[in-house]
Amino acid sequence: MEFVNIHTFLIVCPLVFLSGLVDAVAGGGGLISLPAYLLAGVPMHHALATNKLSSAIGTSVSTIRYCRNRFADPVTAVPSILAALCGSALGTGLALRTDEKVLKSVMLFVLPVVAFYVLRRKDLEGNTARKRSRGISIALAAAASFVIGGYDGFYGPGTGTFLLLVYTGLVGMDVRTASGNTKLVNLSSNVAALVTWIINGKILAVLGFTAAVFCMAGHYVGSGMVMHRGTKIVKPVILVVLALLFLKILSGQ
């Protein structure tokens, strides 16, 4: 298409690498990758769809690394995955029926919400959360995954951050287990949304697969950082992501 050229790749690919690194560490990589597509001149619906392609492939890398190292809790993850699949499919269907101007305006609301939940907590460790029974924790995780999965299908940026914050603060997981579950659920919601976008012909395949290579590299580096440096890096990286998006909004781009 006429809006995809060498400059598109030069803008998108480096930023998608950074988004993959950030997403593997703290979630919220879409706060960088989706604006990258828009900054490169890709129309909103195509940007949402192609971003899902690159992010889904990239997320699979960190998801595999987390699962191999037994970060995730399968008992909680399975119901959450099923809920996220349903929510994401519904959200993507809604996005297809929404005007691009409305979708762009959503960016103005994502940042304050994420910033509020990040800054109000002194840390991201689950030991500050209220202790809950196993059944209640599973139900809360599934319900949150359905809602956040719907948001991921509709728009996306900040999904990983929202999941991480809910799993640690509401469900009561430690940050490592929450990181593993976040990747499994986020990957599931990405796949559900991606299938819907493919069916509706909105994917820019060459751009998406090229960006996916950079996204995979970012996820590989980022997931290694979490496993070797622990949880100290998580909150600072989230705040850096928020600051970057803040600057983009203020610049009016």
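Whatever comes next refers back to the structure up there.
Structure report, in brief. (Residues numbered from 1 in each chain as written. Predicted model: local features only at pLDDT ≥ 70, side-chain atom pairs only at ≥ 80, totals over all residues. Heavy atoms only, no water.)

1. So, the overall build of the protein chain
Part 1 of the reasoning: Scanning the protein chain from N- to C-terminus turns up 11 helices and 0 strands.
Part 2 of the reasoning: Traced from its N-terminal end to its C-terminal end, the protein chain shows the element sequence α-α-α-α-α-α-α-α-α-α-α.
Part 3 of the reasoning: Counting the 253 residues in the protein chain, one finds 58% classified as buried.
Part 4 of the reasoning: In the protein chain, 85% of the contacts between residues at least 6 apart in sequence involve partners at least 24 apart. (Helix = DSSP H or I, 4+ residues; strand = E, 2+ residues; numbered from the N terminus. Buried < 20%, exposed > 50% of the residue type's maximum accessible area, 1.4 Å probe, protein only. Contact = heavy atoms within 4.5 Å.)

2. Comments concerning a nonpolar patch on the surface
Part 1 of the reasoning: Taken together, Val78, Leu82 and Leu85 make up a surface patch of nonpolar side chains, about 250 Å² in accessible area.
Part 2 of the reasoning: With respect to the helices and strands, Leu82 occurs in helix H4 (residues 74-96).
Part 3 of the reasoning: For Leu82, a relative accessible area of 52% translates into the label exposed. (Patch = residues over 30% accessible without salt bridge, like charges linked within 9 Å, V, L, I, M, F, W, Y side chains within 5 Å. Areas by Shrake-Rupley, 256 points an atom, 1.4 Å probe, with all protein chains shown as cover. Salt bridge = Lys/Arg side-chain N within 4 Å of Asp/Glu carboxyl O.)

3. Quick look at the side chain of Thr50
Part 1 of the reasoning: Here Thr50 shows up in helix H3 (residues 44-68).
Part 2 of the reasoning: For Thr50, a relative accessible area of 0% corresponds to the buried category.
Part 3 of the reasoning: Filtering out sequence-adjacent residues up to four positions away, Thr50 remains in contact with Tyr37, Lys202, Ile203, Leu204, Leu207 and Gly208.

4. A short note on the nonpolar core
Part 1 of the reasoning: Counting 44 residues, the largest nonpolar core has Tyr37, Tyr155 and Tyr167 as its most contacted members.
Part 2 of the reasoning: The biggest single contributor to this core is helix H9 (residues 175-199), with 6 residues.
Part 3 of the reasoning: With near-sequence residues (within four places) excluded, Tyr37 lies in contact with Val12, Val16, Val42, Ala47, Thr50, Asn51, Ser54, Leu207 and Ala211. (Core = buried A, V, L, I, M, F, W, Y, C linked by side-chain atoms within 4.5 Å.)

5. Quick look at the packing of aromatic side chains
Part 1 of the reasoning: Under the counting rule described, the total for this entry stands at 2 aromatic pairs.
Part 2 of the reasoning: Of the aromatic side chains, those joined through ring pairs into one cluster are Tyr151, Tyr155 and Phe162. (Phe/Tyr/Trp six-rings, centres within 6.5 Å; stacked < 30°, edge-to-face > 60°.)

6. Thoughts on helix H7 (residues 134-154)
Part 1 of the reasoning: The terminal C-alpha atoms of H7, which comprises 21 residues, lie 30 Å apart, in line with the 30 Å expected from a rise of 1.5 Å per residue.
Part 2 of the reasoning: Two residues or fewer past H7, Gly156 is found with a positive phi of approximately 120°. (Expected span 1.5 Å × (residues − 1).)

7. Here's the deal with empty space enclosed by the protein
Part 1 of the reasoning: Counted under the stated rule, the structure contains 2 cavities of 30 Å³ or more.
Part 2 of the reasoning: Size it by volume and the largest cavity reaches roughly 180 Å³.
Part 3 of the reasoning: In terms of lining residues, the largest cavity is bounded by 21 residues, among which Asp23, Gly29, Gly30, Ser55 and Asn186 are the most central.
Part 4 of the reasoning: Tallying contributions element by element places H3 first for the lining of the largest cavity, with 4 residues.
Part 5 of the reasoning: Tallied by class, residues from the lining of the largest cavity come to 3 nonpolar, 15 polar and 3 charged. (1 Å grid on protein atoms, 1.4 Å probe; cavity = no way out; pocket = protein on both sides within 12 Å on 5 of 7 lines; lining within 4 Å. Points joined across faces, edges and corners; volume = space filled by probe spheres on them. Nonpolar A, V, L, I, M, F, W, Y, C, P; charged D, E, K, R; others polar.)

8. Details of the packing of H4 against H9
Part 1 of the reasoning: Across the interface, H4 lies against H9 with an axial gap of 8 Å and an inter-helix angle of 35°. As for how H4 packs across H9, the hand of that crossing is right-handed. Where H4 abuts H9, its residues Thr76, Ala77, Ser80, Ile81, Ala84, Leu85, Ser88, Ala89, Thr92, Gly93, Ala95 and Leu96 lie against Asn181, Leu184, Val185, Ser188, Ser189, Ala192, Ala193, Thr196 and Trp197.
Part 2 of the reasoning: Residue composition of the contact of H4 with H9, by class: 12 nonpolar, 9 polar and no charged. (Axes fitted to C-alpha atoms, helices over the stretch in contact; angles between N-to-C directions. Left-handed = near helix turned anticlockwise from the far one by under 90°.)

9. What to know about H4
Part 1 of the reasoning: The terminal C-alpha atoms of H4, which comprises 23 residues, lie 32 Å apart, in line with the 33 Å expected from a rise of 1.5 Å per residue.
Part 2 of the reasoning: Within the span of H4, buried status applies to Thr76, Ala77, Ser80, Ile81, Ala83, Ala84, Gly87, Ser88, Gly91, Thr92, Gly93 and Ala95.
Part 3 of the reasoning: Its buried side turned inward, H4 meets H3, helix H5 (100-105), H7, helix H8 (159-171) and H9.

10. Some words on the pattern of salt bridges
Part 1 of the reasoning: Scanning all chains against the criterion turns up 2 salt bridges.
Part 2 of the reasoning: Among the salt bridges present, the one from Asp73 reaches Arg134, with a minimum N-O distance of 2.9 Å. On the criterion of sequence distance, the pair formed by Asp73 in the loop between H3 and H4 and Arg134 in helix H7 is long-range, its members being 61 residues apart.
Part 3 of the reasoning: For Arg134, a relative accessible area of 46% corresponds to the partly exposed category.

11. Digging into the packing of helix H2 (residues 30-39) against H3
Part 1 of the reasoning: Running from amino to carboxyl end, H2 crosses H3 at an angle of 135°, the nearest separation of the two axes being 9 Å. As judged from the angle between their axes, H2 and H3 are oblique. When the axes of H2 and H3 are compared, the crossing they make is right-handed. Where H2 approaches H3, its residues Ser33, Leu34, Tyr37 and Leu38 are matched on the opposing element by Met44, Ala47, Leu48, Thr50, Asn51 and Ser54.
Part 2 of the reasoning: A class-by-class count of the residues in the contact of H2 with H3 yields 6 nonpolar, 4 polar and no charged. (Parallel < 35°, antiparallel > 145°, perpendicular 65-115°, else oblique.)

None of this, on its own, says anything about what the molecule does.
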